[in-house]
Structure formats: C-alpha cells, structure tokens
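Here are the chains, one letter per residue:
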Amino acid sequence: MSKKAEMQYENAVSMGLSEEEWLSVCSHLGRIPNLCELGIFSAMWSEHCSYKSSKKWLKTLPTEGECVIQGPGENAGVIDIGDGLAVVFKIESHNHPSFIEPHQGAATGVGGILRDVFTMGARPIALLNALRFGQIDHKKTSHLISGVTSGIGSYGNCIGIPTVGGEVEFDSSYNGNILVNAMAVGLAHNDRIFYSAASGAGNPVIYVGAKTGRDGIHGATMASAEFNDEAELKRPTVQVGDPFKGKLLMEACLELMAADAVIAIQDMGAAGLTSSSVEMAAKGGLGMEIDLDLVPVRETNMTAYEIMLSESQERMLMVVNPNQAEIAQQIFNKWDLDFMPIGKVTETDRLVLLKEGKIACDIPVAPLVDNAPEYDRPHLSSEIQIAANINDIVQKIPITEALKILVGSEDLCSRRWVYEQYDSQVMADTIVGPGGDAALVRVYGTKKAIALTTDCTTRYVEADPFSGGKQAVAEAYRNIIAVGATPLAITNNLNFGNPEKPEIMAQLVESVAGIKDACIQLSTPVVSGNVSLYNETEGRAIKPCPVIGMVGVMDDWEKSGTIALPSDNDIVIIGQNEKNNSGWLSNSTYAKFISKKLGGAPPPVDLNSELKAGKFILDCYHNDLINAAHDISDGGMLVALTEMMLAGNNGAEIIHPKEADPHCWFFGENQSSYIIATTKLKEIIKRSENANIPFSYLGRSSSTQELKISNGDIISLKELQNIYETGLTKQLLQFS
Amino acid sequence: MRIAIIVFPGSNCDRDMMVAVESLTGRRPALIWHKQNNLDPIDLAIIPGGFSFGDYLRCGALAAHSPIMNALHDHAARGGAILGVCNGFQILTESGMLPGFLGRNQELKFICKQITLSVNGATNCALTGSLDHKQTLQIPIAHNEGNFFADAETLNRIESNGQVVLRYKSDKYATSSNPNGSLNNIAAICSLNGKILGMMPHPERAMGKGHESADGRKLLHSIFEAIKT
C-alpha cells in the first residue's frame, strides 16, 4: 500500500470500516477515496445506516397486510385507518447519546423521530417511549433517569406533541448502556403521503431548517460501536436539540406540503446531509450535485467532511417543484427558517459535491446503498431453559405481604414521577394517557381513536429469545385490546449487544423469529423499525430488548375502555382458570423480588389462545359487556387488580383459590388473560362457554377502600396506594 | 361575539383553544399571526399556551415585543377583555398587562397533572362572575414556569384589590396542595379593571367528554357570558 493509501486505511478503520469493506470502497471507486468520500462510505455502511448485521433477518418479517400503505424502507411506516385517513409511525433508538448526555441525547431522539413522521406528510399526534436504566440504586441511575425524562419532556412539551405512554425498566445489565427508544405517531390523508425518492433531473435541491454546525459529526458511527469507560469523553459527538426550531420546521413543512410544492423530502437524521442526499438520489435512481459553499453553516471554515457528516438537528432536504419554488420560499420566510437551494437532481447517478469551486467528492450513488455490506453472522442457538421448580419459588408469606413487595418494587410501582414531567394532554385529544394499558388518542375531527403501546419483557427474552419475541408482540396486542381497540400493525426497535458474538446474534435471530410468528398469527405486520446493536460496555452486553410499538384503532372513542375499576361490578378472569392454568411463576416478577430467584423458562405464549382471548374481549366490548379491563402481565393477576382498584378508587372482595397454590394463582404471569369488570356476568359466562375461552370468577368490587381475600387477608387501598406511588422516588432519591 | 386567538411562533395550544371556543360559541375564532400590526375590533383576545419563541431568554419575554402586542395594548386600554392561558399568562406579565412574575416551578421540573382549584370569593374579575365561589374546579396544569411571584407590596395590593381569581387547592398524589411554589397558592389573577385574566391551568383541556373534567368548559362559559354585548 502506498503511504497515502496506508494513511487513508487507518482513517477508514477509525471510522469503523473493516479491511474487507475498505477494499470494497476502493474497488467501487477505482481509486483511493479522499477523506470526505471515506466519511460518506463509512457512515452509509455503518451498522446504524446499513443494517448490515440484521438485514438478512429483518427481511423475514411480515410487512404486508390489508392496512399497510407503506412498509419498512421509508422514513416511517404508513397504515390505513379508514375514512381516507392514514397513521404514520416509527420507533427509533437514541441509546448511546443518551448515556453520554442524557438530556440532549433523549431530546434529540424525540426530535429525530418526529421529523421522520412529519417528513411523510403527517401531523404528529402522539409520542411514546421505551426506557431501560441500570439498577435503581446504581450511582448513575438517578442522574440518567432525571436527564432522560427532562430531555424527552423538553422536546415533546415544547413542540406540542403529547407524550402519552411508554415503559421504564431497571436492570443492572443497563448500568453502562441505557436504552432510550422514542416512538412518534402522526396522522395524514392516505392520498397525501410524501416520499423520499428524488425525481426530475434539473429540479432544485433545497436545504431548509437550522444551520449546520460541528455537532454530532459521525454520530452514526459512534452509535455503531461498543462503549468503554471513556464513553463520556465522546460528549462532543452528541447533537444538541432545539425543539422551538423543530416546531417551526414542522409547521413550515406541513404548510409547504399542503401547497403541493414538494416532490421529495427527507429529514437529515443519522449521517445528516450524507444519508439524506444519498437516499433521495438512490431511491429515485438518479444523481445529485450539491455546492457545499451554499449550505447554511453556523461555524466558519467547515470542511466538506464536516458539513457532510454533521448531525446538527432540525434540518431537511427536499426536491421542490421549480414552479412552486417562490411559494416555498415565502412559507419558510414566514417561519424565519433558512431556505437555500444548494444543488440539483442530475441524471448521472453520482453524488458530486463542490467546495470552493473544486470537486470535493464524486462517487457513484448505488454502491452506497445497494452494495452496502450484508453479513450472515454466525449464531449459536440459545440454551433451552426449563421452568424453575415451583417449590423453590413460592415463599410462605401472606398474600398481602407479597402484594406489597411487588407493587412497591421498581419494576411495578407507579411511573407518575416520570410521566408527570411530560405534557400528555396538549392537542386536547388524549383520552387515556400514561398509567393505563394502551394510550388512546382521538383522531381530530372524527369519532375514531388510535390506541398505542410499547412493550418488551427483557427477562423473558433473555431466558428464551424466541418465546420472548412472541411475548413482546402478544403483550402489546393485549394492551391494545384491553382499551377496546383493534390491533393493526407494529414498529420495532431491536436493541442488542455485539452481533459479532454468536450468542448475541442468536438472541437477535431467535427473537426476530418470535416476532415474525406473532405478527403473522395476530395479523399485525411490521411497517417500520430500527436496530441498535453494540449495546455493550466493557464487553458486557445488555439484556436483549426487542421493543414492540403497536398501533390499533377504534371507530368510536366514546366506547373506549379504562382500567379504573367501578364499584358494584363482578370481577372475572378471561383466559385462565384453576384447571387450565394454576399460575406460572418461573422467571416472574414474583420470582425476582420475593424468591430472589432469577432465570428459568418464561411463561409459554400460545398465539392461538392469545388471538381467541383478544377477539373475545373485543366482542364483549362491542356488546357493551365490559365496564373496565386490564391485561395480566408482570406481577400477575393480583397486581393487575390492584392497579385497577387504585385507578378506580374502589375496593374488591375476591375468592381464595381452592385448587391452585394461591401464590401461583395470584402472581403467576400466564399469558393471554385479562381481568374485566362487568355487570352482565351471565352474558359473559354464556359467551365464554360458547367461545370455549377459559373463564374464572374472581370476586366483586365495592366502594369499600380495601382488598379482601376470602381466606381473611385484608389490606387497605390507602396502604397499597402509598407503597405504589412512592416506590420509585423512595428508591431513586435515596442515592441521588 | 368576536374572539381572536393570538398565535406566536411556538404557540402550541392555539388549535386546542380554537376547538374549545368553537364548541361553546358555535363559531370558529380568528387566528391572528403575531407579525400582524393591527387587530379588528374584538370582544376577547385569547393568548394560548405553548412555548412562544421557545421560551428562550425568559418565558413570554420575546413574545411581549411582537408586532401584535401594540394592538393588544390598545385593546386593553379601551377596556377590552383578554384571557392568557399558561404561556399566555406569562406573556401578559412580561408585557406588563398583569402584575407579578412566573418563575420556575419549585421542584425545577415540568408538571402536567389534573389539579383542584378554588375560586376566590373576593375576586373583582369581571370575566368569571358567574362561577360558583363555593365550588372547586378540576382543571389540568402543564408548565415548567408557573411559580407566581410578586414583591410583598404588590402581593398585598393584588390580594386587597381582589385580583386573585383562582388558587391551587389540593392534589390527590402530592403532599403539598401547591404544585409549583406560587405565592399564596395563586393560579390565576386579573387586572385592576377585572378585564384581563391570566391563568396557569388549561381550561381547553377540561371540556368534558373524553377529558377528565368539564370544569374548563364552565370557566370559559363564564367568560363568554361576561363579554356578550
């Protein structure tokens, strides 16, 4: 290798390219790339942009269905919800930046996913998130959760999109690598969706939004590498968000789209101007020529490399109808945003960049996308776990004592401290906000509502990735059903460790297979998603976390469900009874917090039962038989009932099981089951018999402020509420 | 009844307020962009919630210097009615149309939750006269800077003039009845003539049917009754 080649090869390695990939770049170019070109290749071929380790497996997921307008591959997925309306949604991770700088990392995560949604022509109407932090008493956890929460709030609250739901988990495997996944959901007309494929050679390429600075340079590459103990030194690679600019950009883009001026549009997210220009050109099968001297910058002497790799926020690239350019300019002037023609679409299928009149980059577009590496990485099958012995798990303590430990535990206690920092009500269409099963948001101007949830039970996935993958979809499905909505489609965020390790790759491969099976059986195709790999610190991987974000729809929001238990109702379990299932405690929250025994097989997921139970609940909703409903998940039936009692401010008197072990029965984490409150018990029994759905009578609710079990155990709601509400702050603040 | 909603860059409750007004009056209010210099004759101007100019510098400080503000000052000088909600309240204090200042919440956190408010029986507010002073109101708050502050003399004057309209009363899940550290639990105040009302709670989020409460509707209704000409 020549001296120049050697030097450039070292740069390539430092940018994350392998030797093989370096050689491939050189052969595509027929020469040694310059620094800018190398930067562009390494960003486009990074794990973050190219999905090179996961693509083979992502292709196996079901992406088609009756409701699907646009599956994976665009900025976000699009589904039809009837009456000419479409829902646009996607989830995305911002894990590495959020660990380094929690407030800005989380804020820009929200900003980025919102841009993905409004780029498609949709007005965002809801935000959700899925968060994983280290052990609750770890020295960094208080700082990280405070920063992430305030960061998510700062962006969502300011831009005026309600944060309506999410999940928070604490586990030591996230001590050095937290997970921050943000999901955005928007509403559009199904014939007014905007895509990123450039068209029309000669059409102007316009840069809009904020100016380009030196922040976040090569962030996509950082997000594709493992962490070490110097991670915090990478703070300058974290972008800084400006939600106010984001709001202006959103309003200006939506106004522009309404004016029919946009031909193609792409947000500048990961890898900034590089990925946006390359993707627009590649999808259109065309080329692009950009004069980098015209790019609005906020710092002087920026090099071509820096301009192309900057991840400054709140920027968009678009191809505009030339006849409409003046109108477009006026709209951006109104919103005081930069609007700058920086180049044009060409027929050359090359990306040509000019800087100070000279060619700074001249590379073919297709290899950047089509010839990006794709790996079939070796994967070892995960070990099959057997169920932990029940006798080792069940502890001889009163039911009410066990209940107190569980509802006060960091896994199950109230997340109020977190979600009260989010504006969950702006837009005034939130019917069910955080704290219930799925969130419900009205579709403005109609009777419809959209149900939204994010779910993943990481300890199940760790023990059995295939079953855990299925379970994540099944739980999301139950959450949507429990509010009375019909599940439609999902987006997923696959968070794993280093895929070059066969045991990690196995987690990915097997959980994707589980997600695939569940999505097929439950008819919820995958329309968008994101993969975050290399979530490791000092060689230690996180617990695998394939988050499922699901969207459902209901036609009349006035018929929506609630978890709030009304008084004087019969309480019944749908989906299990003592005979068919006495309660699954292996790898349960009970095993974790009461027996302190981790591991063992997670509860089996029977997708057919899941589907049957779901259809049964919806059928009961449509016949007005349900006054409150809640799915049974972490902590089991009695924790679910407690959440219902606290939400409704009503007590209950319930039956102690006769055949099953009471701990298994009350705290087992059996799947495909729900608790419902009804005043039409006979009708429910009749229907469950006809449908052959397991059914069990649990007891009756009343305005008495206590939970009473027929063996004589009793506990006041006030005591439960106090434990439930203070669980988080007590444990967090102790160490702050 | 002619109602206009003033929209600043960063306002984000303008549509919500428009929907709320329309549902009560049957007429869609005008949305007025902040760069406009003049205002057609109106009965009520509403400054909605949001983050005008990103809340940069100080909440409401930049909006207080927008072109539309001259027209609003003229409207106020003619005895016109103005309602400012949340960021709107902050803009009214920053522009000197209402006394006091809204600082950061005591716990230095954004707070979004349903809150119980009591109506001050001694208020001189000309816009909320038909509200029952014995009843409490359930209306949500959502802000980072709602901590009402005024020097002792100003506070005394506000209290003795009956300019306090609403106070925070209780909160199911918190130990303190005061969510943000406001002096005298103040949640809403009015001008000396009783025609300019600033409040931190969001009435447009408590309109009944789908919302947790319908008390915001009650409050807006009382305002619209008062400005009927």
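For clarity, every value in this text was computed on a predicted model and none was experimentally measured. (Residues numbered from 1 in each chain as written. Chains lettered and ligands numbered in written order. Predicted model: local features only at pLDDT ≥ 70, side-chain atom pairs only at ≥ 80, totals over all residues. Heavy atoms only, no water.)

Considerations on the overall build of chain A
Okay, so step 1: Along its length, chain A carries 26 helices and 28 strands.
Okay, so step 2: Here the C-alpha atoms of chain A give a radius of gyration of 26 Å, agreeing with the 27 Å that 2.2 N^0.38 yields for 736 residues.
Okay, so step 3: Residues classed as buried in chain A amount to 65% of the 736 residues present.
Okay, so step 4: Looking at chain A alone, contacts between residues at least 24 apart form 85% of all its contacts between residues at least 6 apart. (Helix = DSSP H or I, 4+ residues; strand = E, 2+ residues; numbered from the N terminus. Rg over C-alpha atoms; globule rule 2.2 N^0.38 Å. Buried < 20%, exposed > 50% of the residue type's maximum accessible area, 1.4 Å probe, protein only. Contact = heavy atoms within 4.5 Å.)

Some details on helix 4 (residues 152-160) of chain B
Residue and element names in this part refer to chain B.
Okay, so step 1: Every buried residue of helix 4 is accounted for by Thr 154, Leu 155 and Ile 158. Summarising the axial view, the buried residues of helix 4 lie within an arc of 100°, below the 170-degree limit, and thus occupy one face. Facing away from the buried side of helix 4 by over 90 degrees, the exposed positions are Ala 152, Glu 153, Asn 156 and Ser 160.
Okay, so step 2: Remark: Gly 162 follows helix 4 within two positions and exhibits a positive phi of approximately 70°. (Arc of directions from axis to C-beta.)

Structural notes on the interface of chain A and chain B
Okay, so step 1: The partner chain B presents 30 residues to the 34 residues of chain A that form the contact.
Okay, so step 2: Around 2600 Å² of area is buried between chain A and chain B when both sides are counted, 54% of it from carbon and sulfur atoms.
Okay, so step 3: Our enumeration of links across chain A and chain B arrives at 4 salt bridges.
Okay, so step 4: In this structure, the salt-bridge partner of Glu 558 of chain A is Lys 209 of chain B, at a minimum N-O distance of 3.4 Å.
Okay, so step 5: For the side of chain A that touches chain B, the secondary-structure elements that each account for two or more residues are helix 8 (141-159), helix 10 (243-258), helix 13 (325-334), helix 17 (416-419), strand 14 (430-432) and helix 26 (717-733) of chain A.
Okay, so step 6: It is helix 10 of chain A that contributes the most residues to the side of chain A that touches chain B, 4 residues altogether.
Okay, so step 7: Here the side of chain A that touches chain B is composed, by residue class, of 15 nonpolar, 8 polar and 11 charged. (Buried area = accessible area lost by both parts, 1.4 Å probe. Salt bridge = Lys/Arg side-chain N within 4 Å of Asp/Glu carboxyl O. Nonpolar A, V, L, I, M, F, W, Y, C, P; charged D, E, K, R; others polar.)

Some points on the packing of aromatic side chains
The description of two aromatic rings rests on the distance between their centres and on the angle between their planes.
Okay, so step 1: Inspection of the entire model under this criterion finds 9 aromatic pairs over all chains.
Okay, so step 2: Judged by centre distance (6.2 Å) and plane angle (40°), the rings of Phe 244 of chain A and Phe 53 of chain B are tilted. Pair noted here: Phe 244 of chain A is in helix 10 and Phe 53 of chain B is in the loop between strand 3 (44-47) and helix 2 (68-77), and the two residues belong to different chains. For the pair shown, Phe 244 of chain A and Phe 53 of chain B are each scored as buried.
Okay, so step 3: The ring of Trp 557 of chain A has Arg 442 of chain A sitting right over it, with the charged end atom 4.7 Å from the ring centre.
Okay, so step 4: The ring of Trp 557 of chain A has Lys 447 of chain A lying over it, and the distance from NZ or CZ to the ring centre is 5.7 Å. (Phe/Tyr/Trp six-rings, centres within 6.5 Å; stacked < 30°, edge-to-face > 60°. Lys NZ or Arg CZ within 6 Å of the ring centre and 35° of its normal.)

Observations regarding the sheet that holds strand 17 (residues 486-495) of chain A
Residue and element names in this part refer to chain A.
Okay, so step 1: Strand order across the open sheet formed by 6 strands is 14-15-16-21-17-18, with mixed pairing between neighbours. Of all strands in the sheet, those with a lone pairing partner are strand 14 and strand 18 (526-532), marking the two edges. Pairs of neighbouring strands in the sheet enclose a mean axial angle of 20°, with direction left out of account.
Okay, so step 2: Where strand 17 lies against strand 18, 6 bridges are found, and the strand directions are parallel. Looking at the pairing, Thr 491 lines up with Ser 528 of strand 18.
Okay, so step 3: Running at roughly 25° to strand 21 (residues 545-554), helix 19 (residues 465-482) makes contact with strand 16 (449-455), strand 17 and strand 21 of the sheet.
Okay, so step 4: Contacts from helix 20 (residues 502-521) reach strand 17, strand 18 and strand 21 within the one sheet, and its direction differs from that of strand 17 by about 175°. (Pairing = 2+ DSSP bridges. Axes fitted to C-alpha atoms, helices over the stretch in contact; angles between N-to-C directions.)

Overview of the side chain of Gln 576 of chain A
Residues and elements named next belong to chain A.
Okay, so step 1: By the element assignment, Gln 576 lies in the loop between strand 22 (570-574) and helix 21 (589-595).
Okay, so step 2: According to the relative accessible area criterion, Gln 576 is buried, its value standing at 1%.
Okay, so step 3: A distance of 3.1 Å separates a polar atom in the side chain of Gln 576 from a polar atom in the side chain of Ser 673.
Okay, so step 4: Sequence-distant contacts of Gln 576, defined by excluding residues within four places in its chain, comprise Asn 581, Ile 632, Trp 665, Asn 670, Ser 673, Pro 694, Phe 695 and Ser 696. (Polar contact = N/O pair within 3.5 Å; in protein donor to acceptor, adjacent residues only side chain to side chain.)

A short note on the pairing of strand 18 of chain A
Okay, so step 1: Taken across its 7 residues, strand 18 of chain A has 6 buried, putting it largely inside the fold.
Okay, so step 2: The parallel pair strand 17 of chain A and strand 18 of chain A, bridged by helix 20 of chain A, forms a crossover whose chirality is right-handed. (Right-handed = clockwise from strand over helix to strand, strands pointing away.)

Let's talk about the pattern of salt bridges
Okay, so step 1: Under the definition given, this model contains 54 salt bridges over all chains.
Okay, so step 2: For Glu 37 of chain A, the salt bridge goes to Arg 31 of chain A, with nearest N and O atoms at 2.9 Å.
Okay, so step 3: Residue Arg 31 of chain A is classed as partly exposed on the basis of its relative accessible area, which comes to 36%.
Okay, so step 4: For Lys 448 of chain A, the salt bridge goes to Asp 83 of chain A, with nearest N and O atoms at 3.4 Å. Here Asp 83 of chain A lies in the loop between strand 2 (77-82) and strand 3 (85-93) and Lys 448 of chain A lies in the loop between strand 15 (439-442) and strand 16, a separation of 365 residues in the sequence.
Okay, so step 5: Overall, Lys 448 of chain A belongs to the buried group, its relative accessible area being 6%.
Okay, so step 6: On the basis of relative accessible area, Asp 83 of chain A is assigned to the exposed category, the value being 66%.
Okay, so step 7: Linked through salt bridges whose partners overlap, the residues forming this network are Lys 447, Asp 556 and Glu 558 of chain A together with Lys 209 of chain B.

A word on the sheet that holds strand 5 (residues 163-170) of chain A
All names here are of chain A.
Okay, so step 1: Spatially, the 6 strands line up as an open sheet ordered 1-2-3-6-4-5, and their pairing is mixed. A single partner strand is all that each edge strand has here, and the edge strands are strand 1 (68-70) and strand 5. Geometrically, the sheet is characterised by an average inter-axis angle of 20° between neighbouring strands, direction not taken into account.
Okay, so step 2: The strands touched by helix 7 (residues 102-118) are strand 3, strand 4 (123-133) and strand 6 (179-189); relative to strand 6, the strand with the most contacts, the crossing angle is about 25°.

What about the pairing of strand 8 (residues 262-267) of chain A?
Residue and element names in this part refer to chain A.
Okay, so step 1: Of all the 6 residues making up strand 8, 5 are buried; the element is thus mostly covered by neighbouring parts of the structure.
Okay, so step 2: Bridge analysis of strand 8 against strand 10 (residues 315-320) gives 5 bridges, and the strand direction is antiparallel. The residue bridging Gln 266 from the neighbouring strand is Leu 317, located in strand 10.

Let's talk about the nonpolar core
Okay, so step 1: Phe 332 and Leu 452 of chain A together with Leu 83 and Leu 166 of chain B are the most contacted members of the largest nonpolar core, which totals 168 residues.
Okay, so step 2: Judged by nonpolar contacts, the second largest core, of 57 residues, contains Leu 440, Leu 494, Ile 574 and Leu 625 of chain A. (Core = buried A, V, L, I, M, F, W, Y, C linked by side-chain atoms within 4.5 Å.)

Quick word on the state of the cysteines
One covalent bond between the sulfur atoms of two cysteine residues makes up a disulfide.
Residues and elements named next belong to chain A.
Okay, so step 1: A complete count under the given rule lists 0 disulfides over all chains for this structure.
Okay, so step 2: Of all cysteine sulfurs, the one in Cys 545 lies closest to Cys 456, which takes part in no disulfide; the gap is 4.1 Å.
Okay, so step 3: A residue is classified by how much of its surface remains accessible, and Cys 456, at 7% relative accessible area, is buried. (Disulfide = S-S within 2.5 Å.)

Observations concerning the confidence of the model for chain B
Okay, so step 1: With 97% of its residues at a pLDDT of 70 or more, chain B has an overall mean of 94.
Okay, so step 2: Interface scoring of the predicted complex returns ipTM 0.96; its pTM is 0.95. (pLDDT = per-residue confidence, 0-100.)

Side note on the environment of Pro 296 of chain A
Residues and elements named next belong to chain A.
Okay, so step 1: With respect to the helices and strands, Pro 296 occurs in the loop between strand 9 (287-291) and helix 12 (304-309).
Okay, so step 2: Classification of Pro 296 by relative accessible area gives buried; the value is 9%.
Okay, so step 3: In this structure the C-alpha to C-alpha distance between Pro 296 and Pro 603, which are 307 residues apart in sequence, comes to 55 Å.
Okay, so step 4: Setting aside residues up to four positions removed in sequence, Pro 296 forms contacts with Tyr 207, Lys 211, Thr 212, Asp 338 and Met 340.

Digging into unusual backbone geometry
Okay, so step 1: Its identity is not glycine, yet Asp 349 of chain A carries a phi of approximately 50°, on the positive side.
Okay, so step 2: Locating Asp 349 of chain A in the fold gives a position in the loop between strand 11 (338-346) and strand 12 (350-355).
Okay, so step 3: Classification of Asp 349 of chain A as partly exposed rests on a relative accessible area of 42%.
Okay, so step 4: Positive phi is not limited to glycine here, since Lys 209 of chain B has a value of about 35°.
Okay, so step 5: Lys 209 of chain B gets classed as exposed once you look at its relative accessible area, which sits at 59%.

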